[in-house]
Structures are given as structure tokens and as C-alpha cells.
Amino acid sequence: PFTLRAAFALPTEVEIAAAKAALAARDLSPRDVALVATHLAQFGGEEFEVRILSHSVHASTHFGALFVARDAGAMPLPVVIDARGVNPTYSPMNTTDGTDFYRALGSARRGLVYLVPAFRGNTLIFGDEKYVSEGDPSDAWDGATDDAIAFLNAALSVTPEADAKKVA
């Protein structure tokens, strides 16, 4: 139905303008943000506060975890989003012991606000609690992007420790 040349052609100005307009029309502002649970956790001998947040995006309730060291030091702190992506089985994301990436950060994690969004249809676990984000988990492209940005916006709205100008 199309050639490889057509598939890899540079987008036209019209296509670029349409994509920008579609992105600008998305409302990913913080809505219905709530602190669902707070936990204290030990990672590498240091104490961290883990906050489970809920928020609404595209009329669905989603969840995410936010990690911040209890003795973080100078504020505000840079923010790191662990957007782990989607796997074929949509397996639950257990954050009880942090994530592999969070543990790999070592002592650097002490100086960060660390965010873990649970994308649509995915489950976030902390301890004995499970938090299931609403939505279709197979919407892994635009959906996951919207979910990550919406969770970032929600977390920034209720996290005084976070530096909104330093996000990775």
C-alpha cells in the first residue's frame, strides 16, 4: 500500500502543524490529585518517603509512586521519571524495594525526587497494596506519553521538594 520511500519521507509542513495542534489540544494538567498512601522505606541504608498519588487524566484515574529521601538536603530537587514502558504481559510494577533503576542510582537517589507512573491499565504495587490505573494498557504510544506527562504534572503540583525546571 506504500513504498519505503513514502514511509520514511520527511513530514510536510501541514503534517507537522497538524501534529503540533493535536498535542497542544491535549489537557494534561493536574486534576483530582490525591495522596493515597505514604510509606517509609529503606534503600541502601537510607530512609525514603514513598508517596502514592492518584490523579485523573482523560477521565480515568491513574496512580504513581513518588520517592524522596527523608534527609534530602538542599531543595528543590531535580526530578527523574522512570517511565518503564509497557511489556507484553502488562505485569504489575512492584515498587516496594524501589525499581532496578532506582537502586542503581545508589547514593545519587538521595538528591532526587523520583517518579514512577503506572500507565493506563497497569498495576502499581507497594507492600501489600495494589493500585490499578484505569484505561486500556495496549495504548502504549500516545497513551503512555500522556500518562507520564500527566503524572509529572500531578506530582509537581503537590511536591514542594521538586524542581520543575530540572526534569529528566
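Residues numbered from 1 in each chain as written. Predicted model: local features only at pLDDT ≥ 70, side-chain atom pairs only at ≥ 80, totals over all residues. Heavy atoms only, no water.

Strand order in the open sheet formed by 3 strands is 5-7-8, and the pairing between neighbours is mixed. Strands at the two margins of the open sheet, each flanked by one partner only, are strand 5 (93-94) and strand 8 (129-132). Looking at chain direction, strand 7 (residues 123-126) and strand 8 are connected through 4 bridges and run antiparallel. Each residue of the ladder has a partner; that of Ile 125, found in strand 8, is Lys 130. (Pairing = 2+ DSSP bridges. Helix = DSSP H or I, 4+ residues; strand = E, 2+ residues; numbered from the N terminus.)

What follows deals with the packing of aromatic side chains. Evaluation of the coordinates by the stated rule reveals 9 aromatic pairs. Summarising the aromatic geometry, the rings of Phe 43 and Phe 67 are spaced 5.9 Å apart at their centres and angled 55 degrees between planes, so their arrangement reads as tilted. Note that Phe 43 is positioned in strand 1 (residues 34-43) and Phe 67 in strand 3 (residues 60-69), a separation of 24 residues in sequence. The buried category is assigned to Phe 43, whose relative accessible area is 5%. (Phe/Tyr/Trp six-rings, centres within 6.5 Å; stacked < 30°, edge-to-face > 60°. Buried < 20%, exposed > 50% of the residue type's maximum accessible area, 1.4 Å probe, protein only.)

Moving on: the nonpolar core. Membership of the largest hydrophobic core comes to 32 residues, with the highest contact counts inside it found for Ile 52, Phe 67, Val 113 and Leu 115. Those elements that provide at least two residues to this core are strand 1, strand 2 (46-57), strand 3, strand 4 (77-81), strand 6 (113-118), strand 7 and helix 4 (142-158). The element best represented in this core is strand 3, accounting for 6 residues. Once you skip the residues sitting within four places of it in the chain, Leu 115 turns out to touch Ala 65, Leu 66, Val 79, Val 80, Ile 81, Asp 82, Phe 151, Leu 152 and Ala 155. (Core = buried A, V, L, I, M, F, W, Y, C linked by side-chain atoms within 4.5 Å. Contact = heavy atoms within 4.5 Å.)

Okay, unusual backbone geometry next. Leaving glycine out, the prevailing phi sign among residues is negative, and the prevailing peptide bond configuration is trans. Positive phi outside glycine occurs at His 58, with the angle close to 50 degrees. By secondary structure assignment, the location of His 58 is in the loop between strand 2 and strand 3. The exposure class assigned to His 58 is partly exposed, which follows from its relative accessible area of 41%.

We now examine the sheet that holds strand 1. The 6 strands are arranged 1-2-3-6-4-9 in an open sheet whose pairing can be described as mixed. The open sheet is flanked by strand 1 and strand 9 (162-167), the only strands paired with a single partner. Going across the sheet, the axis of each strand differs from the next one's by a mean of 30 degrees, ignoring polarity. In this sheet, strand 6 lies alongside strand 4 in parallel orientation, the contact comprising 3 bridges. Residue pairing in the sheet places Val 80 in a bridge with Tyr 114 of strand 6. Lying on the sheet, helix 4 is in contact with strand 2, strand 3, strand 4, strand 6 and strand 9; it crosses strand 2 at an angle near 115 degrees. (Axes fitted to C-alpha atoms, helices over the stretch in contact; angles between N-to-C directions.)

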